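# An overview of the molecular structure
Residues per chain, in single letters:
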Amino acid sequence: MTEIELTGQCLPVTSTVGSFLTNLPEFLGALLVDPRCIVAIVDFSQDRYVQFWLDSPTDYSVEFVSNAFLSEGSALSELDESTLAEFGFSGPAPEGRPNWYRTAGSMDEFADVIRMTASAVREVISESSSGSVMTRTFEVERRCGPIDGEAASPWLW
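Quick look at the structure, then. (Residues numbered from 1 in each chain as written. Predicted model: local features only at pLDDT ≥ 70, side-chain atom pairs only at ≥ 80, totals over all residues. Heavy atoms only, no water.)

It is worth spelling out the packing of aromatic side chains at this point. For the structure on display, the rule yields five aromatic pairs. Centre to centre, the rings of phenylalanine 20 and phenylalanine 44 are 6.0 Å apart; their planes meet at 75 degrees, and the pair counts as edge-to-face. Note that phenylalanine 20 is positioned in helix H1 (residues 17-33) and phenylalanine 44 in the loop between strand E2 (38-43) and strand E3 (49-56), a separation of 24 residues in sequence. By relative accessible area, phenylalanine 20 is classed as buried at 7%. Overall, the relative accessible area of 7% leaves phenylalanine 44 in the buried class. Here the aromatic rings of phenylalanine 27 and phenylalanine 52 are separated by 6.4 Å at their centres, their planes lie at 75 degrees, and the arrangement is edge-to-face. Of the two residues, phenylalanine 27 is situated in helix H1 and phenylalanine 52 in strand E3; the sequence distance between them amounts to 25 residues. Residue phenylalanine 52 is classed as buried on the basis of its relative accessible area of 1%. Each member of the aromatic cluster is reached from another via a ring pair, and the members are Phe20, Phe27, Phe44 and Phe52. Here arginine 97 stacks its cationic end above the ring of tyrosine 101, 4.6 Å away from the centre of that ring. (Phe/Tyr/Trp six-rings, centres within 6.5 Å; stacked < 30°, edge-to-face > 60°. Helix = DSSP H or I, 4+ residues; strand = E, 2+ residues; numbered from the N terminus. Buried < 20%, exposed > 50% of the residue type's maximum accessible area, 1.4 Å probe, protein only. Lys NZ or Arg CZ within 6 Å of the ring centre and 35° of its normal.)

As structure tokens, then:
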């Protein structure tokens, strides 16, 4: 059994944006092979973040912060939002999905999630490679089953 060392919900590890992007495939790959249900939250400046819910290699999602969680000064512009949609993120949905998101159900979609995340960090967050990023990883209980025929939101923990 392979288990990664988790930081804990309140104990972030600091690195650079460049390091995060370079190590993104390995980082997500390590989370996918861990048998636990793991959440990873990556915090950038201006209260922007990307978060991952990894329940298994066939049940994972990525969320990119929406304006519901940003102040006016750090809000996503219309161009930012159209860029996220162009990359393949679905727009926020008030019922259970308040952020931009992408769910995946197969290993074939893994490369898409990596590409979308890296592109969003580079083009929407637009921080330099030397910018600081904080990452938190922690275990959560597995989701309940579907609600009204829809997949349960992973962020209801």
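Additional details are given in the paragraphs that follow.
Looking now at the nonpolar core. The biggest cluster of nonpolar side chains holds 36 residues, and the ones touching the most others in it are Phe20, Phe44, Phe52, Phe64 and Phe89. Of all the secondary-structure elements, those providing two or more residues to this core are H1, E2, E3, strand E4 (59-64), helix H2 (78-87), strand E5 (100-104) and helix H3 (110-125). It is H3 that provides the largest number of residues to this core, a total of nine residues. The next biggest cluster of nonpolar side chains, apart from the first, holds six residues, and it includes Cys37, Ile41, Phe138 and Val140. (Core = buried A, V, L, I, M, F, W, Y, C linked by side-chain atoms within 4.5 Å.)

This paragraph deals with empty space enclosed by the protein. The full count for this structure, using the stated rule, is one cavity of 30 Å³ or more. By volume, the largest cavity amounts to about 40 Å³. If you trace the largest cavity, you find it lined by Leu28, Leu32, Phe52, Leu54, Tyr60, Ser61, Phe110 and Val113. Listed by contribution, the elements that provide at least two residues to the lining of the largest cavity are H1, E3, E4 and H3. Its residues assigned to classes, the lining of the largest cavity comprises seven nonpolar, one polar and no charged. (1 Å grid on protein atoms, 1.4 Å probe; cavity = no way out; pocket = protein on both sides within 12 Å on 5 of 7 lines; lining within 4 Å. Points joined across faces, edges and corners; volume = space filled by probe spheres on them. Nonpolar A, V, L, I, M, F, W, Y, C, P; charged D, E, K, R; others polar.)

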